[in-house]
Amino acid sequence: MSATEAAAGLSSGELSSEELTAGAIERSTALDPRLGVYLQETYERALEEARSSDERRANKRSCSAFDGVPVAYKDIFVTKGVTTTAGSRILEGWVPPYDATVVERCKGAGLPGLGKLNLDEFAMGSSTENSAYHTTRNPWDDQRVPGGSSGGSAAAVAAGMVPWAWGTDTGGSVRQPASLCGIVGVKPTYGRVSRYGIVAFASSLDQAGPLARTVEDAAALLQLAAGHDPRDSTSIPQEAPDFATGMDGGVQGLRIGIVTEFSTDGLAKGLRDRVEESYLRLEKLGATLEEISLPSFEHGISAYYLVAPAEASSNLARYDGVRYGLRSDAEDIVAMTSRTRDEGFGTEVKRRIMLGTYALSAGYYDAYYGKAQKVRTLTIAELERAYQNVDLIACPSSPTTAFRIGERTDDPLEMYLSDIFTVPVNLAGNAAISVPCGLSDDDGLPVGLQLVAKALDEATMFRAAYAFEQDLSWAGSEQSRPRL
Ligand code: GLN
């Protein structure tokens with residue numbers, strides 16, 4: 001059942017939140033040993049919250065449209081009284097004293113919280129294999145990764161353990177796992193959702209985003225948390241528009257750009273077929289396709305792997321063994337901090353800290369960080385120019401379908417290339433969605449289509465994704481469900 005269907009069942013009285021939540025818990029309990037999506041479940045709390053929601057409804061007290069529909073969070077959103085680790089040993093056992101704005105707003109809307117979902121350590125990765133705790137498995141094939149870093153969120157939604165979930169996307173971490181698990185994932189415009197209470201990775205790129213089984217659900221979950229928050233100085237000081245309004249308006253007359261530099265030539269046939277059919281489907285529905293050139297996009301990965309580690313090296317300086325989580329024993333404070341960081345951080349996190357510190361160091365700053373920022377400026381300028389002629393840009397979400405566990409762990413560069421189509425969008429700050437476009441004939445695994453909108457134009461993005469999803473008849477179909 002989609003979250004929208006669940007909400008309809010609640011408002012008609014056919015369903016109670018307690019039943020719905022107990023159902024999600026039952027399925028989660030049955031499947032989690034195999035898939036490993038949770039880092040911390042909060043089932044008892046969720047049931048209490050569900051019962052309060054049912055009482056609110058019974059007493060005709062004010063209820064939000066989704067009051068009583070449960071949700072779960074990537075374990076990078078801080079949750080009051082519930083352990084938050086960001087997938088790292090360095091935060092093991094850390095219990096935050098407050099809720100992230102996203103969590104606070106979802107709680108405020110009456111959504112019971114089922115728990116905290118697995119991720120790559122500090123959201124650095126594309127497979128969840130960098131989690132310090134365990135690897136999450138893809139519900140379509142448990143020998144494969146669900147993508148990452150929001151892999152726990154994507155797998156939980158795809159497996160029907162939760163109706164919808166929150167993830168974060170710094171370079172692709174919502175869209176890529178959504179694509180690999182056959183569900184919808186959104187990276188909103190930078191600043192659309194408050195970053196307050198999200199464990200920081202790369203602050204100029206990080207955005208929270210919803211993962212859901214339908215476009216309508218993704219828009220609705222985003223709606224619950226979007227809008228200005230004075231506690232995040234980069235949050236856009238305006239209210240979000242109503243994303244549902246006009247969502248069924250179709251794509252007639254929309255101009256959709258296909259990026260020359262993102263040729264599908266090098267991609268596996270099964271994936272390429274689905275993506276190219278998707279372009280034609282949009283055209284058949286009334287959109288016009290236009291070839292556009294974005295030359296700086298080919299430098300996206302290089303620029304991202306300077307900017308993101310640079311910001312990470314600074315953000316992660318706070319884990320000193322004094323303020324949060326782990327503290328290793330040592331003779332003095334310098335040795336204590338150094339040992340805590342050695343024992344608390346995993347290999348990939350250490351690699352990023354070293355890359356970032358190097359890129360920011362005197363003498364190298366202009367050559368690396370400075371140059372990456374120039375690529376970023378070019379990316380923004382090229383996109384602005386492109387959007388004078390098109391309304392949206394279409395491309396694959398990921399260059400491959402779900403890969404095998406262990407396949408890319410020895411080669412960081414290959415892992416980094418997972419985000420080739422998603423990273424430029426974070427550098428520019430625009431909004432983008434990954435929507436399922438069928439299964440590859442090569443391996444029977446899901447393929448995702450990415451639609452990139454102008455900054456603040458989520459409405460057009462949702463409208464096109466919705467038209468596409470309806471025409472494909474994917475959501476809720478037999479084909480869209482992994483066999484579990
Ligand atoms: N895979 C990319 C990285 O490892 C993006 C991660 C993300 O979006 N959080 O940095």
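Residues numbered from 1 in each chain as written. Predicted model: local features only at pLDDT ≥ 70, side-chain atom pairs only at ≥ 80, totals over all residues. Heavy atoms only, no water.

## Some words on empty space enclosed by the protein
Turning to step 1, where the next piece is worked out: One pass over the structure, following the stated rule, counts 2 cavities of 30 Å³ or more.
Turning to step 2, where the next piece is worked out: If you add up the space inside the largest cavity, you get close to 140 Å³.
Turning to step 3, where the next piece is worked out: If you go around the largest cavity, you meet 15 residues; those closest to its centre are Thr 42, Tyr 73, Thr 79, Lys 107 and Gly 113.
Turning to step 4, where the next piece is worked out: Listing elements by their share of the lining of the largest cavity, those giving two or more residues are helix 3 (43-58), helix 4 (101-108) and strand 3 (113-117).
Turning to step 5, where the next piece is worked out: For the lining of the largest cavity, the element with the most residues is strand 3, which contributes 4 residues.
Turning to step 6, where the next piece is worked out: Residues that form the lining of the largest cavity fall into these classes: 5 nonpolar, 4 polar and 6 charged.
Turning to step 7, where the next piece is worked out: Approximately 80 Å³ is the volume attributed to the second largest cavity.
Turning to step 8, where the next piece is worked out: Gly 125, Tyr 304, Tyr 305, Arg 352 and Asp 419 are the residues nearest the centre of the second largest cavity, which is lined by 15 residues in total.
Turning to step 9, where the next piece is worked out: Among the elements of the structure, helix 9 (300-315) and helix 13 (412-416) are those that each provide at least two residues to the lining of the second largest cavity.
Turning to step 10, where the next piece is worked out: Taken together, the residues of the lining of the second largest cavity sort by class into 7 nonpolar, 6 polar and 2 charged. (1 Å grid on protein atoms, 1.4 Å probe; cavity = no way out; pocket = protein on both sides within 12 Å on 5 of 7 lines; lining within 4 Å. Points joined across faces, edges and corners; volume = space filled by probe spheres on them. Helix = DSSP H or I, 4+ residues; strand = E, 2+ residues; numbered from the N terminus. Nonpolar A, V, L, I, M, F, W, Y, C, P; charged D, E, K, R; others polar.)

## A short note on the site of the ligand
Turning to step 1, where the next piece is worked out: Close to the ligand lie 15 residues, the nearest being Gly 171, Ser 173, Tyr 304, Arg 352 and Asp 419.
Turning to step 2, where the next piece is worked out: Here Gly 125 contributes a backbone N or O atom positioned 2.8 Å from an oxygen atom of the ligand.
Turning to step 3, where the next piece is worked out: Here an oxygen atom of the ligand and a backbone polar atom of Thr 170 are 2.8 Å apart.
Turning to step 4, where the next piece is worked out: The site holding the ligand turns out to be the second largest cavity.
Turning to step 5, where the next piece is worked out: Residue composition of the shell around the ligand, by class: 5 nonpolar, 7 polar and 3 charged. (Near = heavy atom within 4 Å. Polar contact = N/O pair within 3.5 Å; in protein donor to acceptor, adjacent residues only side chain to side chain. Sits in = over half its atoms within 2 Å of the grid points.)

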